[in-house]
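Structural features, examined
Here are the chains, one letter per residue:
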4 protein chains.
Amino acid sequence: MAIILGDNQYGKAESRLVRIVRDSPRHEIRDLNVTTALRGPFEAAYLEGDQSAVLPTDTQKNTTFAFAKSHGVTSIERFGLDLARHFVTDVGPVEGARIEIEEYAWQRAVVDGVEHDHTWLRSGQEIRTAAVTVDASGEHVIGGLKDLVLLKSTGSEFAGFLSDEFTTLPETHDRVMATALDAKWRFTSTDVDWEGVYAEVKRLLVAHFATLQSLALQQTLWHMGRAVLEAVPAIAEIRLVAPNRHHFAYDLDRFGLENQNEVFWAADRPYGLIEATLLRDDAPPAGDAWRASAGLA
Amino acid sequence: MAIILGDNQYGKAESRLVRIVRDSPRHEIRDLNVTTALRGPFEAAYLEGDQSAVLPTDTQKNTTFAFAKSHGVTSIERFGLDLARHFVTDVGPVEGARIEIEEYAWQRAVVDGVEHDHTWLRSGQEIRTAAVTVDASGEHVIGGLKDLVLLKSTGSEFAGFLSDEFTTLPETHDRVMATALDAKWRFTSTDVDWEGVYAEVKRLLVAHFATLQSLALQQTLWHMGRAVLEAVPAIAEIRLVAPNRHHFAYDLDRFGLENQNEVFWAADRPYGLIEATLLRDDAPPAGDAWRASAGLA
Amino acid sequence: MAIILGDNQYGKAESRLVRIVRDSPRHEIRDLNVTTALRGPFEAAYLEGDQSAVLPTDTQKNTTFAFAKSHGVTSIERFGLDLARHFVTDVGPVEGARIEIEEYAWQRAVVDGVEHDHTWLRSGQEIRTAAVTVDASGEHVIGGLKDLVLLKSTGSEFAGFLSDEFTTLPETHDRVMATALDAKWRFTSTDVDWEGVYAEVKRLLVAHFATLQSLALQQTLWHMGRAVLEAVPAIAEIRLVAPNRHHFAYDLDRFGLENQNEVFWAADRPYGLIEATLLRDDAPPAGDAWRASAGLA
Amino acid sequence: MAIILGDNQYGKAESRLVRIVRDSPRHEIRDLNVTTALRGPFEAAYLEGDQSAVLPTDTQKNTTFAFAKSHGVTSIERFGLDLARHFVTDVGPVEGARIEIEEYAWQRAVVDGVEHDHTWLRSGQEIRTAAVTVDASGEHVIGGLKDLVLLKSTGSEFAGFLSDEFTTLPETHDRVMATALDAKWRFTSTDVDWEGVYAEVKRLLVAHFATLQSLALQQTLWHMGRAVLEAVPAIAEIRLVAPNRHHFAYDLDRFGLENQNEVFWAADRPYGLIEATLLRDDAPPAGDAWRASAGLA
């Protein structure tokens, strides 16, 4: 029996990078959290402590900040591709690169009814994400968002479910449904209008969450994901993870009050957790597209 | 020498309460985190374990949820007053009540360009706060907000400061200034347009952060706070706590790149922390207005 | 009516400082989170943006790290005093200094049954705290701990309480009692065996939590605090904040199982929150001892 | 082109369960965070909203608490197997079950030098983890720990690394090395002394972190993992994720002080992130052993 080194990677996680464009008095801002990871023939570093093939994580950080200046940040998918290609192409031993990015949105301050040129409020809604992998199998781009917190106060049911000796849940035909959506979508192209597609995917996810009379969160996820795949040919696959943030109608009968789904206790834990992958039946192989860096993923 | 019981209080912290108004198909939502604390002659509970004067924290929670139905939530300041008055007036031994509330904002989902009737996205910007105290000294209401994250990419300087043998900071006349503002303002009335004042205070804070050419965060706070006091007669005092979220221009000279305040590293810790209280010189006594419950404060 | 500047202060929050003593092969480690705040005649900085009396927060940080070398860290109370005295004595305009410190404990790794010289595991139990204030009213030292998580599986009751129309809680004579204790104690001397007192206070708090047959968390806090004041003459006052981390016996009757306080659901929120101050009746005035920096407090 | 449902699962995440054994006055405690996920032919729930094959997540929670009573918690691996087997065997449509558990350790309070029977302090060091998968491919058990925070103040180097135009890091032959280790190990048997193996694995990880003169964190991980595989035949694979928690020697030269690796600034972000998988060359297939529930993983 021998012990061998299997999958491995190393990198710099969570470089918090803010890029300001100030070519005109009306500045622009991009606020990122960048994680880089490199893959390749690094056995000697593990087995013998030999670093001669290891580009320091500090260098990866420097590269990230330098590229923000030299290449700019027009979209996080594009910026991730720029970085990944550099590491694979320009750094000798590197065979694969994984770049994961979170982006925090800002909206312009409004002063006397006018958008301000160089002041923003963190908008704080969902976090946009990207995960780019470049390796021998090609270039893989995953877009996404997380912590998109959605709630509908009616239009959600849960009934007709399987029961066993541990089942005590009553059926309901009107409940609050809420989640903090985590969605990731895999592109089959790198020639994409990244900003336009992001807005469109978010719009579709929200609209279908809102309008479907939901029989279960599973069904809602399916409709949300299907709408994205139908609308965006460049997306081959979408993965949805949705915690079911339970809102329990508070029992007010005890106090002579009727609670017709008006007063809820929003529970922290436990929570349901529903997951789905939807894909085209002709989706190309994913390669290592979904292999995370264990950083931001 | 004797050991005595000094200040004490007890209550239920962080009841997560969601109130839906569904009188019409266009629902309304208020999403709260409520902490209640009671003060009074509770020595026997501490010294002898005698609970006969102690209204359980579980009862306080029930009351909170019941009042959300019976009184509604038109504003968190109003809801806090309703609860505090009840505990002091209706529960025999209670002499003082402190209610602290956080409110999380939601915005309506937009579907096909139209606001949806019963679906929302958590808007996620600042958290609105209220702290109400009712006791023998009267009724005290503090409005507030926290985690209002603001950033300006120019229009901020820091120079001419005191230096000693440990000073190494260079002067600057152009830097990023960013903070996550925590502001609390004390009212001298309970007859207030709570929703209107909140919007106005937030508007003023943002506008003065944006437009002042800042010589220091201290100066910016002063201008923000003064604008609020000048505009809202019902506010006698405002307290501002502002972490200085440092954005350091990344040194790109080393790589032959010029960084003219375009690429920043956003640091987590340590951070400057600047605090100021502004008040009218004729402000009435605060009583226990600022005595927190140690819950949400 | 005029608007005036009230309480104000500024400083550097959360400098994460690790001090290694390596005078011998058996190293020692102190792991701190330090917040400094200065008070004094800083009106010009607020009102006019004039920084000439303002020692930058960056300088305060430099001073903190320099003092860790030049003065060492024999205890966080001592280190806080060193820093506070320096700012008040050596920096012209400064009239008062507030130093707040958290300390994270480490325990030595054990290898082949022997404590290792230079390797540690974060022990991760409670966080030790100190808050030092030096100003015209004198020198004030507060020791403390937080997040000391304690649980007893029996020996706790709650009955005989006040009830009203919102009371539904059943009485109990056997329940789990758990808390994450936050305790702060005020010294009347600066000539104290800081390390010895800390260990003694923690020992007393734990012992009395364990051994008292508790009729309420209030009563438990009283006994814990009284024991400290009785044992340590240099402590004049102790403040205890104890969330009641509810453990609810899970209803297993529905499944034909008897749950005799064996299986609990540990709830996150809401939670009871019980607070008490105990002090000697001859305790000297606290001055600004309890005025926090809004940093770590 | 058709859109199809790919991988999916659903369950109840983060049931916080505390189990007390009170058969004698000396109680025992196990404190768990349990996530369950079920896999099987649930297409109808997604595509049509038909719940007839869906055992509610609420039922999964009830089952978890009921099993804590009926089966007890002798180890989290064993408890996970009990639950997973039940869902797959006893619940008709279920084809696979994934159980993920975190365990929080407690240590007995010591009163007058004696361990107390029913009072504990949360020990707060690492969190123990288990992930059990039962499906058509068999039974898979993964043990683990996370947030084991380790630091060595010497005995760590980093030199001889690859450099490019973005490399500015100096070489070092003496630095602090610190991490918050996340380790997971896959068993090839379910007939294991779970408690004994856990203690042994932790002991080995700590000892090798301490004693190896480290040329890189990669090398340290390799030695830690290899020691585990060599010592425990029932473990076929181990995965290690180690953030490199940077401790930067603070520049005190500027103040006329020499800092010989005595005073460090402990940075939050960014951080290096080093990952390694080690396995026996004859390790059996992992099946879905590593497919997480997206809950605690």
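The residue numbers shown here count from 1 along each chain, following its written sequence. Chains and ligands are labelled by the order in which they are written, letters from A for the one and numbers from 1 for the other. Per-residue local features are limited, in this predicted model, to residues with pLDDT of at least 70; the limit for side-chain atom pairs, both in listing and counting, is 80 or more; totals at the level of whole chains, interfaces and linings are taken over all residues.

1. Thoughts on the overall build of chain A
Operational definition: Only DSSP runs of H or I with at least four residues qualify as helices, and only runs of E with at least two residues qualify as strands; both kinds are numbered from the N terminus onward. Using C-beta atoms placed from the backbone, we call a residue buried if 20 or more other C-beta atoms fall within 10 Å of its own, exposed if 12 or fewer do, and partly exposed for counts in between.
Within chain A, the regular secondary structure consists of 5 helices and 12 strands. In terms of its C-alpha atoms, chain A occupies a principal-axis envelope of roughly 75 × 70 × 40 Å. Across the 297 residues in chain A, those meeting the buried criterion constitute 57%.

2. Description of the relation of the copies chain A and chain D
As a reminder, the rule being used: To superpose the copies, least squares is applied to the C-alpha atoms of every residue with a pLDDT of at least 70 in both. Two residues qualify as a contact pair if the distance between their C-beta atoms, derived from the backbone, is within 7 Å.
Once turned by 180° and shifted 0.0 Å along the axis, chain A lies on chain D with an RMSD of 0.0 Å. Considering both components of the superposition, the chain copies are consistent with a two-fold axis. Both copies contact each other with a shared surface, as 100% of the interface residues of chain A are interface residues in chain D too.

3. What about helix α2 (residues 57-70) of chain C?
Residues and elements named next belong to chain C. Convention followed: Residue count minus one, scaled by 1.5 Å, sets the expected span of a helix.
The end-to-end C-alpha separation of α2 is 20 Å, in line with the 20 Å expected for 14 residues at 1.5 Å each. The element α2 is largely enclosed, with a buried count of 11 among its 14 residues. When we look at burial in α2, the residues that qualify are T57, T59, Q60, K61, N62, T63, T64, F65, A66, F67 and A68. Where α2 terminates, the next one or two residues include G72, which has phi positive at roughly 75°.

4. Re the interface of chain D and chain C
In this assembly, 50 residues from chain D lie in contact with 50 residues from chain C. Only β1 (3-21), α2 (57-70), β4 (106-111), β5 (114-122), β7 (138-152), α4 (194-211) and β11 (263-266) of chain D provide two or more residues apiece to the side of chain D that touches chain C. Counting residues per element, the side of chain D that touches chain C draws most heavily on β5 of chain D, at 6 residues.

5. Overview of the interface of chain A and chain D
Basically, it comes down to this: Gly is placed with the polar residues, together with every amino acid not listed as nonpolar (Ala, Val, Leu, Ile, Met, Phe, Trp, Tyr, Cys and Pro) or charged (Asp, Glu, Lys and Arg). Pairing between strands is defined by DSSP: at least two bridges between them are needed.
Tallying the contact residues gives 71 residues for chain A and 71 residues for chain D. Elements supplying a minimum of two residues to the side of chain A that touches chain D: β1 (3-21), α1 (43-47), α2 (57-70), α5 (217-231), β9 (235-244) and β12 (271-280) of chain A. Residue contributions to the side of chain A that touches chain D peak at 14 residues, all from β1 of chain A. When the residues that make up the side of chain A that touches chain D are grouped by side-chain class, the tally is 37 nonpolar, 21 polar and 13 charged. Pairing analysis gives 9 bridges linking β12 of chain A to β1 of chain D, with the strands arranged antiparallel. Residue pairing for β1 of chain D: I274 of chain A is matched across the bridge by Y10 of chain D.

6. A look at the confidence of the model for chain A
Our working definition: Per residue, pLDDT measures the predictor's confidence, with a range of 0 to 100.
For chain A, the average pLDDT comes to 97, and 99% of its residues sit at 70 or higher. Overall fold confidence for the complex sits at a pTM of 0.98, while the interface term, ipTM, reaches 0.97.

7. Structural notes on the packing of helix α4 (residues 194-211) of chain C against helix α5 (residues 217-231) of chain C
When two helices pack together, their arrangement is given by the angle between their axes and by how far apart the axes lie. Residues and elements named next belong to chain C. The criterion, for reference: Fitting a line to C-alpha atoms yields each axis, with helices limited to the stretch in contact; the angle taken between N-to-C directions then spans 0 to 180 degrees. Note on convention: the crossing is left-handed when the near helix lies turned anticlockwise from the far helix by less than a right angle, right-handed when the turn is clockwise.
Contact geometry for α4 and α5: axes closest at 9 Å, N-to-C directions at 145°. Of the two elements, α4 crosses α5, and the hand of that crossing is right-handed. Across the interface between the two elements, E200, V201, L204, L205, H208 and F209 of α4 pack against T220, H223, M224, A227, V228 and A231 of α5. Among the residues making up the contact of α4 with α5, the classes are represented as 8 nonpolar, 3 polar and 1 charged.

8. Some details on the domain arrangement of chain A
Residues and elements named next belong to chain A. Here is the rule we go by: As used throughout, domain bounds are those supplied by an automatic or database domain assignment.
According to the domain assignment, chain A consists of domain 1 (7-135) and domain 2 (137-297). For domain 1 and domain 2, the distance between their C-alpha centroids amounts to 27 Å. Among the secondary structure elements, those contributing two or more residues to the side of domain 1 that touches domain 2 are β1, β2 (28-39), α3 (76-90), β3 (96-104) and β6 (127-135). Tallying contributions element by element places β6 first for the side of domain 1 that touches domain 2, with 9 residues.

9. As for the packing of α2 of chain D against helix α3 (residues 76-90) of chain D
All names here are of chain D. Stated formally: With respect to orientation, any angle under 35 degrees is reported as roughly parallel, any angle over 145 as roughly antiparallel, any angle of 65 to 115 as roughly perpendicular, and every other angle as oblique.
Contact pair α2 / α3: the axes reach a minimum separation of 11 Å and the direction vectors enclose 130°. Considered as vectors, α2 and α3 are oriented oblique to each other. For the crossing formed where α2 meets α3, the hand is right-handed. Of the residues in α3, those touching α2 at T63, T64 and F67 are D82, L83 and H86.

10. Side note on the environment of G40 of chain D
Residue and element names in this part refer to chain D. On the secondary structure map, G40 appears in the loop between β2 (28-39) and α1 (43-47). Take G40: there are 21 C-beta atoms within 10 Å of it, and that puts it in the buried class. Separated by 125 residues in sequence, G40 and E165 place their C-alpha atoms 52 Å apart. Residues within four places of G40 in sequence aside, it is in contact with P93, V94, E95 and G96.

11. Focus: the nonpolar core
Condition: What makes a nonpolar core is a set of buried Ala, Val, Leu, Ile, Met, Phe, Trp, Tyr and Cys residues, with links drawn between C-beta atoms within 7 Å.
Grouped together as the largest cluster of nonpolar side chains are 368 residues, with contacts concentrated most on V228 of chain B, V228 of chain C together with V228 of chain D. By residue number, the principal contributor to this core is α4 of chain D, which donates 9 residues. Each residue touching V228 of chain C, except ones within four places of it in the same chain, is listed here: W185, V201, L204, L205, I235 and I238 of chain C.

12. Observations regarding unusual backbone geometry
Both trends apply: most residues other than glycine have a negative phi, and most peptide bonds are in trans. Residue P270 of chain A is reached from R269 of chain A by a cis peptide bond, and omega for that bond is -10°. Within the secondary structure layout, P270 of chain A lies in the loop between β11 (263-266) and β12. Even without a glycine there, the phi angle at N261 of chain C is positive, about 55°. As for its position among the elements, N261 of chain C is in the loop between β10 (247-249) and β11 (263-266). A positive phi is found at D147 of chain D, a non-glycine position, where the angle reads about 60°. For D147 of chain D, a count of 15 C-beta atoms within 10 Å puts it in the partly exposed group.

13. Observations concerning the pairing of β2 of chain A
All names here are of chain A. Buried residues dominate β2, accounting for 11 of its 12 residues. Inspection of the sheet shows β1 paired to β2 by 10 bridges, in the antiparallel sense. Looking across to β2, one finds that V18 is bridged to D31. The hairpin turn running from β1 into β2, its antiparallel successor, is 6 residues long.

14. Let's talk about α4 of chain C
Helix length check: α4 of chain C (18 residues) gives 26 Å between terminal C-alpha atoms against 26 Å at 1.5 Å per residue, within 8%. Taken as a whole, α4 of chain C has its buried residues at V197, Y198, V201, L204, L205, V206, H208, F209 and A210 of chain C. Where α4 of chain C is buried, its residues contact β6 (127-135), β7 (138-152), β8 (177-187) and α5 of chain C together with β4 and β5 of chain D.

15. With respect to the pairing of strand β8 (residues 177-187) of chain B
All names here are of chain B. In terms of residue burial, β8 counts as a mostly covered element, since 10 of its 11 residues are buried. Where strand β7 (residues 138-152) meets β8, 10 bridges bridge the pair, whose relative direction is antiparallel. When the sheet's bridge partners are listed, L148 is paired in β8 with L181. Strand direction decides the pairing type here: β8 and strand β9 (residues 235-244), joined by 6 bridges, are antiparallel. In the strand pairing of β9, K184 is matched with R239.

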